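These are the residues of each chain, in order.
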Amino acid sequence: MIRVLILCLTCLILTTSVRSQTPLSRDEALKQLYRDYDPSTKTARWICTKGQQQEQHEGWPCSEEYAKVVVTVELSTQVVEHGTEKTYLIASTIPFGNPHDFECHSCAPAIGVAVFAWRGMRWELESANAAVGWFGEWGGAATSQLVAIGPEQHGVILESEFSGQGYHESVKYLLVPLGSNVNEVWKLFDEQDDSGAFDPNDKSGQHRLYYAEVAFKFVYVGKGDYYDILAMSRGTDDKGRANWTKQYRFSDGQYRLLHTTTYSEAKVPQKSGSPKSTSLK
């Protein structure tokens, strides 16, 4: 009898474990993120908010006329937060029709993010935004990566690169679930380069060669639900020298600049007794 009881308990535990790890269907997730999503055609009906229609943004007029869109899943992954399994889904949409009509430098897809939590043996939609913003170029979405932004918090880093007429820049965006919504909370220009446009012999062209690159990381400061961000820049950008370290802290729904430290190379002190340089007149 005891063996039978142990066997039943073991089966129950295994069954619960398997059910709790049941992956969320992408089609089911997209049906909750977009209106009238059709799995057979990968299309949906989506209209952005009136505020977004009035904003000037890359992409397309997301009004009634352009309500039918093509949906693509960019990333779907599971994590555990506060002991609860969650699924992060990142998707992009572009206008339905001839794809060549949406291939231009400023043709950026709308990026949507949804976060589902496993509760009561089913996936519940916890946070969602069908269009956090327009990220990418030439009709292609910015690359996405899930990152830990706190001991029990995650966010989505989007990376978008722009090149044209000899100029190149890279931009990072951080999207974070905040309550029932998902917002952009931080933005960083992490690379600027004009080497393709610079010609020292062209007096009418670009007069200054510059290149700057920024590395960043999330750091735990011993308190709070969110890590700080440390960003370190070296080089020169379109405004001049760009040698600094900046620290950002999460506050009131945004990562805000805490302080900036200017970087300068330390001069090596001259040893006593070493010959001093002299100049000849």
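Residues numbered from 1 in each chain as written. Predicted model: local features only at pLDDT ≥ 70, side-chain atom pairs only at ≥ 80, totals over all residues. Heavy atoms only, no water.

Caption draft 1: Main features of the pattern of salt bridges. Counted by the stated rule, this structure contains 11 salt bridges. With a shortest N-O distance of 3.6 Å, Asp36 and Arg35 are connected by a salt bridge. On the accessibility criterion, Asp36 (54% relative accessible area) is exposed. Of the residues examined, Arg35 reaches a relative accessible area of 54% and is grouped as exposed. Several salt bridges converge on common partners, so that one network encompasses Glu81, Lys86, Arg119, Arg122, Glu124 and Glu126. (Salt bridge = Lys/Arg side-chain N within 4 Å of Asp/Glu carboxyl O. Buried < 20%, exposed > 50% of the residue type's maximum accessible area, 1.4 Å probe, protein only.)

Caption draft 2: Region of interest: the packing of aromatic side chains. Counted according to the given criterion, the structure contains nine aromatic pairs. Ring centres 6.5 Å apart and planes at 50° place the aromatic pair Trp46 and Trp134 in the tilted group. Note that Trp46 is positioned in the loop between strand E2 (43-45) and helix H3 (50-54) and Trp134 in strand E6 (residues 122-134), a separation of 88 residues in sequence. Comparing Trp46 with Trp134, the two get one shared label, buried. Considering the side-chain rings of Trp186 and Tyr248, the 5.4 Å spacing of their centres and the 70° angle between planes classify their relative orientation as edge-to-face. One end of the pair, Trp186, is in strand E12 (residues 181-193); the other, Tyr248, is in strand E16 (residues 244-251), and 62 residues separate them in sequence. Three or more aromatic residues link up through ring pairs in this structure, and these residues are Trp186, Phe216, Phe218 and Tyr248. One residue, Lys68, lies across the ring of Phe96, its end atom 4.0 Å from the ring centre. Cation over ring: Arg234 sits above Tyr263, and NZ or CZ is 3.7 Å from the ring centre. (Phe/Tyr/Trp six-rings, centres within 6.5 Å; stacked < 30°, edge-to-face > 60°. Helix = DSSP H or I, 4+ residues; strand = E, 2+ residues; numbered from the N terminus. Lys NZ or Arg CZ within 6 Å of the ring centre and 35° of its normal.)

Caption draft 3: Structural context of the confidence of the model for the protein chain. With 77% of its residues at a pLDDT of 70 or more, the protein chain has an overall mean of 82. Looking at the elements of the protein chain, mean pLDDT is at its lowest for helix H1 (residues 2-20), recorded as 38, and at its highest for strand E9 (residues 143-150), recorded as 97. The low-confidence segment residues 1-19, where pLDDT is below 50, has three contacts with residues more than four positions distant or belonging to other chains. (pLDDT = per-residue confidence, 0-100. Contact = heavy atoms within 4.5 Å.)

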